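Structural features, examined
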Amino acid sequence: MTALDAVSIITTKRDGGELSDAQIDWVVDGFTRGTVADEQMSALAMAILWRGMTRRETARWTAAMIASGRRMDLAGLPRPTVDKHSTGGVGDKITLPLAPLVAACGAAVPQLSGRGLGHTGGTLDKLESIPGWQADVPASRMRDLLADPAVGAVICAAGADLAPADRRLYALRDVTGTVESIPLIASSIMSKKIAEGTAALLLDVKVGSGAFLKTLDGARELATAMVELGADAGVRTVALLTAMDTPLGRTAGNALEVAESVEVLAGGGPEDVVELTIALAREMVALAGLDTDPADALADGRAMDHWRAMISAQGGDPDAPLPTAKHTETVRADSDGTLTRLDALSVGIAAWRLGAGRARQGDPVQSGAGIEMHAKPGDAVSTGQPLLTLHTDTPEAFTGAMAALRDAVTIEATAAPGPAALILDRIVS
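What counts and what doesn't
Residues numbered from 1 in each chain as written. Predicted model: local features only at pLDDT ≥ 70, side-chain atom pairs only at ≥ 80, totals over all residues. Heavy atoms only, no water. Domains from an automatic or database assignment. Contact = heavy atoms within 4.5 Å. Buried area = accessible area lost by both parts, 1.4 Å probe. Salt bridge = Lys/Arg side-chain N within 4 Å of Asp/Glu carboxyl O. Polar contact = N/O pair within 3.5 Å; in protein donor to acceptor, adjacent residues only side chain to side chain. Helix = DSSP H or I, 4+ residues; strand = E, 2+ residues; numbered from the N terminus. Nonpolar A, V, L, I, M, F, W, Y, C, P; charged D, E, K, R; others polar. Core = buried A, V, L, I, M, F, W, Y, C linked by side-chain atoms within 4.5 Å. Buried < 20%, exposed > 50% of the residue type's maximum accessible area, 1.4 Å probe, protein only. Pairing = 2+ DSSP bridges. UniProt positions renumbered as here; feature names shortened; annotations may be inferred. Axes fitted to C-alpha atoms, helices over the stretch in contact; angles between N-to-C directions. Expected span 1.5 Å × (residues − 1). Phe/Tyr/Trp six-rings, centres within 6.5 Å; stacked < 30°, edge-to-face > 60°. Lys NZ or Arg CZ within 6 Å of the ring centre and 35° of its normal. Arc of directions from axis to C-beta.

Here's the deal with the domain arrangement of the protein chain
One can read the domain layout of the protein chain as domain 1 (6–52), domain 2 (82–320) and domain 3 (327–412). Here the C-alpha centre of domain 3 lies 24 Å away from the C-alpha centre of domain 2. Contact residues are listed per partner, giving 24 residues for domain 2 and 30 residues for domain 3. The contact between domain 2 and domain 3 buries some 1900 Å² in all, and 55% of this surface belongs to carbon and sulfur atoms. Where domain 2 touches domain 3, the interface holds three salt bridges. Linking domain 2 with domain 3 are 13 residue pairs in polar contact (both at pLDDT 80 or more), by the criterion used here. Secondary-structure elements contributing two or more residues to the side of domain 2 that touches domain 3 are strand 6 (251–253) and helix 11 (254–265). For the side of domain 2 that touches domain 3, the per-class residue count stands at eight nonpolar, eleven polar and five charged.

Regarding the nonpolar core
Among the nonpolar cores identified, the biggest contains 111 residues, and Trp 307, Ile 371, Leu 388, Leu 390 and Leu 405 are the most heavily contacted of them. Each residue touching Leu 405, except ones within four places of it in the same chain, is listed here: Val 331, Ser 346, Val 347, Ala 350, Ile 371, Leu 388 and Leu 390. One finds Ile 9, Ile 10, Leu 44 and Ile 48 within the second-largest nonpolar core, a separate group that totals 20 residues.

Quick word on the pattern of salt bridges
For the structure shown, the criterion picks out 25 salt bridges. For Arg 302, the salt bridge goes to Asp 300, with nearest N and O atoms at 2.8 Å. Relative accessible area serves as the criterion here: at 31%, Arg 302 is assigned to the partly exposed category. Where salt bridges share partners, they join Glu 18, Asp 21, Asp 25, Arg 56 and Arg 60 into one cluster.

So, the sheet that holds strand 10 (residues 380–381)
Strand order in the open sheet formed by three strands is 10-8-12, with antiparallel pairing between adjacent strands. Every interior strand has two partners, whereas the edge strands, strand 10 and strand 12 (409–412), have only one.

Some words on the environment of Pro 247
Structurally, the position occupied by Pro 247 is in the loop between strand 5 (236–243) and strand 6. With a relative accessible area of 1%, Pro 247 lands in the buried category. In the structure, Pro 247 is positioned 218 residues away from Asp 29 in sequence and 40 Å away in space, judged by C-alpha atoms.

With respect to the UniProt feature "domain: Pyrimidine nucleoside phosphorylase C-terminal" (unreviewed entry) in the protein chain
Within the UniProt annotation, "domain: Pyrimidine nucleoside phosphorylase C-terminal" (unreviewed entry) is assigned to residues 338–412. As annotated, residues 338–412 has a helix share of 27% and a strand share of 29%, and its two end C-alpha atoms lie 5 Å apart.

Remarks on the sheet that holds strand 6
Taking strand neighbours across the sheet as the criterion, the four strands line up as 6-9-11-7 in an open arrangement whose pairing is antiparallel. Of all the strands in the sheet, the pair left with one neighbour each is strand 6 and strand 7 (327–332). For this sheet, the mean angle separating the axes of adjacent strands, direction not counted, is 15°. For strand 6 and strand 9 (residues 370–373), the ladder comprises three bridges, and the chain directions are antiparallel. The residue of strand 9 that forms the bridge with Ala 252 is Ile 371. Those strands touched by helix 11 are strand 6, strand 9 and strand 11 (386–392), and its axis lies near 135° from that of strand 6. Each of strand 6, strand 9 and strand 11 is contacted by helix 15 (residues 344–356), which is oriented at about 135° to strand 9, the strand it contacts most.

Quick look at helix 8 (residues 164–176)
The terminal C-alpha atoms of helix 8, which comprises 13 residues, lie 19 Å apart, in line with the 18 Å expected from a rise of 1.5 Å per residue. When we look at burial in helix 8, the residues that qualify are Pro 164, Ala 165, Asp 166, Leu 169, Leu 172 and Arg 173. Buried residues in helix 8 make contact with helix 2 (21–33), helix 3 (38–51), helix 4 (55–67) and helix 9 (182–195).

Concerning the packing of aromatic side chains
Enumeration according to the criterion identifies zero aromatic pairs in this entry. The ring of Phe 31 carries Arg 168 above its face, with NZ or CZ at 4.2 Å from the centroid.

Quick word on helix 7 (residues 139–147)
Taken together, the buried positions of helix 7 are Met 142, Leu 145 and Leu 146. All buried residues of helix 7 fall inside an arc of 100° around its axis, so they share one side. Along helix 7, exposed side chains directed more than 90 degrees from the buried face belong to Ser 140 and Asp 144. Lining the buried residues of helix 7 we find strand 2 (109–113), strand 3 (153–157) and helix 14 (302–313).

Shown next, in the form of structure tokens:
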């Protein structure tokens with residue numbers, strides 16, 4: 001008979017054993033209710049980090065975290081539901097133009113998002129730079145907006161009752177050196193996405209210096225685990241592995257990225273942001289079973305109409321001026337040649353130090369802080385040309401930001417290379 005006590009469960013996994021469904025259900029429920037102590041769950045998380053989990057264990061762990069709270073019901077909507085999750089990167093504002101674009105194609109997009117921590121930005125932080133915009137949307141209101149043919153998309157904060165076990169476990173993993181566990185990362189992401197009730201899901205798994213996952217092998221492992229979890233839960237799931245050695249677009253920072261997203265919706269914007277937005281939209285539209293090309297909805301203005309309706313529906317003013325920082329500083333090229341490298345991690349850390357990000361959950365962020373990139377890899381540059389403009393309300397932050405950027409840029413006397421691939425792989429079940 002399976003032992004249902006914390007010590008037995010910890011030692012089973014510590015010694016390389018496989019946890020039963022009953023053990024997983026018991027320990028996740030006990031941790032949620034407080035009968036399994038934080039130090040016991042921390043020990044189990046470390047054992048999972050070292051020993052891993054089978055596909056069955058990971059699926060059951062995910063189901064137990066979903067069962068710890070409320071599961072949203074989006075059945076019966078007049079539009080097919082499809083969502084997207086990104087593992088996070090520098091300048092990754094893709095959700096902003098993507099959600100209204102997919103809604104313009106006839107899908108309902110229930111995008112539960114988060115705030116940034118460290119060098120990767122948070123979607124809610126970006127949108128909160130729009131005057132009046134509110135991240136909290138009640139479930140009934142969310143359903144109404146998804147059903148509204150003029151809106152069709154909601155980007156909002158997940159409720160505290162959605163997979164609460166994951167919220168508690170994430171906080172423990174962050175302070176116990178167990179964040180890197182692939183089964184725990186996969187179940188953390190997928191428990192919330194499955195609990196929100198979407199029928200289909202696209203995963204954007206970032207790979208490179210500015211991403212959590214630095215190697216293709218690690219990204220494939222995580223993407224495969226998440227796609228399997230989606231399939232096991234009956235959610236149609238596809239993962240794209242996308243490049244994050246260089247920041248996306250030409251801005252990193254909250255209001256700066258909103259402005260760039262609006263440029264994309266207006267028919268302009270950086271080529272890489274447009275390319276990735278359309279590529280992800282095509283995947284989402286296919287997952288939703290719709291036969292339309294998102295490029296058309298971007299070109300004819302329908303996506304912009306849905307953006308304005310979506311922002312207005314959540315209290316925002318799409319015509320209001322966005323916040324700007326009080327102080328700027330410029331980084332210039334120190335030689336002639338071709339910009340061959342702009343390191344995403346360095347730019348992300350610099351933007352964070354300028355005030356665009358936070359070191360701890362709950363810290364404030366500056367809406368206007370961040371970095372503009374005037375040149376990207378492959379561009380010819382000349383001595384003295386502006387490469388980066390730094391924005392902040394706290395000029396004392398420039399020193400730390402400049403230090404982060406010290407080795408971020410490489411200029412070589414070489415011909416411009418071809419554009420690097422944005423999409424590196426595609427994972428399906």
